[in-house]
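Coordinates in review
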Amino acid sequence: MVASFPRRATKPALPIDAVLPDLLASLRGGTGAVLVAPPGAGKTTAVAPALLGEPWCKGKILLTSPRRVAARAAAERIAEMLGEKVGETVGYLTRLDSRQSARTRILVVTEAIFVSHILGDQELSDLSAVLFDEAHERHLDSDLGLALALESRAVLREDLRILVMSATIDGARFARLMGGGTPVIESEGRAFPLRIEWLGSRAELRTDEAMASAVLQAWRDEEGDILAFLPGVGEIERTRERLAERLPDVPILPLHGQVEPAAQRAAIRRDPQGRRRIVLATAIAETSITLDGVSVVVDAGLARRAEFDLAAGVTHLVTHRASQAAAAQRAGRAARQGPGVAYRLWEEAAHPGRAPFDPPEMLTSDLAPLVLALTQWGVADPASLPWLDPPPAPALSAARARLEALGALDGAGRITARGRQIASLPMEPWQAAMVLYGAGRRAAEPAAKLALLLQERGLGERGEDLAQRLARWDGDRSARAEASRKLAAGWARRANVLRQARHERGSDREIRSVRPELVEGRGRPPLGVLLAMALPDNLARRRDASGESWLSAGGRGYVLDPASPLATAEWLAIGDAQGQAKGARITAALPLTTAEVEQWLGRRIERQSVLRWTGERVEPRLERRLGAIALASGPDARPDEEAITALLVDKALEKLADILPKALLARARFVGIDALSSEALTGGAELWLAPLLRGRRDLELPGGKLADALLGLLDWDARQRLDRLAPREFVTPAGTG
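These notes cover the structure that comes with them. (Residues numbered from 1 in each chain as written. Predicted model: local features only at pLDDT ≥ 70, side-chain atom pairs only at ≥ 80, totals over all residues. Heavy atoms only, no water.)

Within the largest apolar cluster, 103 residues are counted, with the highest numbers of intra-cluster contacts made by Phe114 and Leu531. Beyond its immediate stretch of four places on either side in the chain, Leu531 contacts Trp430, Met434, Leu450, Leu454, Leu466, Ala573, Ile574, Gly575 and Leu590. Judged by nonpolar contacts, the second largest core, of 37 residues, contains Ala33, Val47, Leu52 and Ala75. (Core = buried A, V, L, I, M, F, W, Y, C linked by side-chain atoms within 4.5 Å. Buried < 20%, exposed > 50% of the residue type's maximum accessible area, 1.4 Å probe, protein only. Contact = heavy atoms within 4.5 Å.)

The structure is reproduced here in structure tokens:
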């Protein structure tokens, strides 16, 4: 049977209804299923309520959603279908917003919150089912959450129902992952016609210019609301400004993660005055959300994804061409409620050249959060868990190294007491370490605010100077800003509790053995110190007068707009940068003075003896260094003579043919004496060349000494052959030399 809806349900007919009986039967007879349903079929809103009346469903149903906007919208739509207010039978939980009560049976959460939930309760004792919606997006938290849920079902909760849902996934592949016998159930979608218009690309135009032109064309030629897909917030704002000049009386609404919840709802629903609308959205609107009234999609064909740079150790946003699957999802938004049209700003002939799918985040993300979660779970070998795509070994190794540097893992890869504290805060491990360090210095709240500022793009507006953004956020009285401040305050309180517990257990000794600078001391550090403690390699020093060029302690070069207010700073603690490993552009940082660096980061400053090669000679120097940054340099009165000799040998080998006596080598080649071949001389340089260079600072060796050293490599027979067959001087019968 299909379960009835609570209270005064006004459930509309949906294509998913045709397969619900099969789905319910599968979940009665087994514990898993894969549901493949096209956009508009109703899987997000209809499946969870249908499970409520099942005999096995005694606890809650958790529905995971890839984004906060989608989670809230799904909960509100399901509650509306049940004739209730959100927070009653149906609720939602996101990082900045929550609506739930003791009555809540269906809870829509983001994927990250589900991971946190299962790590805290491995049995999922309050749940009867977990539904993974839009699984095709392959977010890191989605893959991790599914792996942990399958592990929990196999070991602890044999009765737990797990349902994977999406419009475009390879159902058979997910079914194999979930175990033999897992059924794949496919639903038809609404068969509304969809027309594709290929507008082609215009390389001479910026994205916002091309999109504004295309939207205006669609506004003239089509009917219905328009949904336009752009890669990011900056492009959305510039396009909105252009359109507002041409269509001053038209509602032009942004839809992205930085928009207030009320404005997000306005973008999703029809205009209350019945006006035609234009919605400018990021990829947030690709899936899960139905925008009422939209019958036209304009797609820039671009996607901006967060990717981890393994060499640089930072995550940055990279703009790519949207995949074929993403383009199909976007176009499908136009035909959810009736016939639609999709305008694409690229050529039809170029479409097959796009990637079929977006890469899973498992292959492009920082895996430190995943490694920390797995150590909490008790998994030593990540390969033992069920993955669609296993975590890459190099990324796992790098993640373990970063976690060990934070004091979260010990040398054997086991989670430490500090690691458990870091894992208990809902943020990236390095950000959690920063907040815990702040708690030890009576700066938990500033550190928590800084962590949230780096997570929530657009909070405190834009700009490289995080201190200015923090000040603007403090003065912002919007609902989003207030909710963010409450969230940061909650994190700070949690960090202070953890600090107190750490003192009571005396676990500072464990931390001191790994990172002594993380143990609290006196005084309240500047914001820049908080950031530099968590990202030590990202502390950078200005290396030109304009403030454009910077060198980090990790050895990486950065660039900054010389017009930035940060350009006059002596030092920067960098929180975010965009671009490749060489010359990435600083987009978020905090200034520090040299005095602050010396005071707070003095433990990291080391004295090192270095050897510099000027091109002619070795200069031993004694330097004070903070990583790759030289703070001071002077002559080294007691250098390592063996190191100098080794460097001279290396430099000599680079130009050996120019140094050695050419006549002697020519005689040896004529006779065929292998001991004086270039290969033999190079391989045995430590035996014959090093003694000649010991105690020297240059390569100006007398030719006679070199010749004697080479001849010393020959035995008596070889010397005789050399002198007999290729003598240094030869007198002809005529008496000439």
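The next point concerns the sheet that holds strand 19 (residues 557-559). The mixed closed barrel is built from five strands, whose spatial order is 17-18-19-21-20. With direction set aside, neighbouring strand axes in the sheet form an average angle of 50 degrees. As defined by bridge partners, strand 17 (residues 539-542) adjoins strand 20 (residues 571-578) across three bridges and the pair is classed as antiparallel. When the sheet's bridge partners are listed, Ala540 is paired in strand 20 with Leu572. (Pairing = 2+ DSSP bridges. Helix = DSSP H or I, 4+ residues; strand = E, 2+ residues; numbered from the N terminus. Axes fitted to C-alpha atoms, helices over the stretch in contact; angles between N-to-C directions.)

Turning to the packing of aromatic side chains, a few remarks are in order. Tallied over the full model, the rule gives two aromatic pairs. Ring plane angle 85 degrees and centroid distance 5.5 Å describe the contact between Phe114 and Phe132, whose orientation is recorded as edge-to-face. Residue Phe114 is located in helix 4 (residues 111-120), and its partner Phe132 is located in strand 6 (residues 127-132); the two are separated by 18 residues in the primary sequence. We classify Phe114 as buried; its relative accessible area is 1%. Across from the ring centre of Trp346, 4.0 Å away, lies the NZ or CZ of Arg354, which sits over that ring. Directly above the ring of Trp473 sits Lys449, whose terminal nitrogen or CZ lies 5.9 Å from the centroid. (Phe/Tyr/Trp six-rings, centres within 6.5 Å; stacked < 30°, edge-to-face > 60°. Lys NZ or Arg CZ within 6 Å of the ring centre and 35° of its normal.)

Further remarks concern unusual backbone geometry. With the exception of glycine, most residues fall at negative phi, and the peptide bonds are largely trans. One non-glycine residue, Glu134, lies in the positive phi region at around 50 degrees. Secondary-structure assignment places Glu134 in the loop between strand 6 and helix 5 (140-155). Overall, the relative accessible area of 3% leaves Glu134 in the buried class. Here Arg138, not a glycine, exhibits a phi torsion of approximately 55 degrees, which is positive.

Right, let's talk about the pairing of strand 24 (residues 629-635) for a bit. Two elements, strand 23 (residues 618-626) and strand 24, share six bridges in a ladder whose sense is antiparallel. Pairing of Arg625 across the sheet is with Ala630, part of strand 24. Linking strand 23 back to strand 24 in an antiparallel pair, the connection comprises two residues, with Gly627 at a positive phi of about 65 degrees.

For the rest of this paragraph, the subject is the packing of helix 7 (residues 207-221) against helix 8 (residues 233-246). One can describe the packing of helix 7 onto helix 8 by two numbers: an axis separation of 9 Å at closest approach and a directional angle of 45 degrees. Considering their axes alone, helix 7 and helix 8 lie oblique with respect to each other. Two packed elements cross with a definite hand, and for helix 7 against helix 8 that hand is right-handed. Within the contact between the two elements, helix 7 uses Thr207, Asp208, Glu209, Met211, Ala212, Val215 and Leu216 and helix 8 uses Glu235, Arg238, Thr239, Arg242, Leu243 and Arg246. (Parallel < 35°, antiparallel > 145°, perpendicular 65-115°, else oblique. Left-handed = near helix turned anticlockwise from the far one by under 90°.)

Relative to the helices and strands, Arg625 is located in strand 23. By relative accessible area, Arg625 is classed as buried at 14%. A polar side-chain atom of Arg625 sits 3.4 Å from the main-chain carbonyl oxygen of Gly627. (Polar contact = N/O pair within 3.5 Å; in protein donor to acceptor, adjacent residues only side chain to side chain.)

In this section: helix 1 (residues 20-29). For helix 1, the full list of buried residues reads Leu20, Leu23, Leu24 and Leu27. Seen along its axis, helix 1 keeps its buried residues to an arc of 95 degrees; they face one direction. (Arc of directions from axis to C-beta.)

What the rule picks out here adds up to 45 salt bridges. With a closest N to O distance of 3.1 Å, Asp97 and Arg99 form a salt bridge. Using a relative accessible area of 40% as the deciding quantity, one classes Arg99 as partly exposed. Residues participating in the shared-partner salt-bridge network are Arg206, Asp208, Glu209, Arg238 and Arg242. (Salt bridge = Lys/Arg side-chain N within 4 Å of Asp/Glu carboxyl O.)

Mapping Gln329 onto the fold places it in helix 10 (residues 324-332). For Gln329, a relative accessible area of 3% puts it in the buried group. Beyond its immediate stretch of four places on either side in the chain, Gln329 contacts Pro39, His136, Ala167, Thr168, Glu286 and Thr287.

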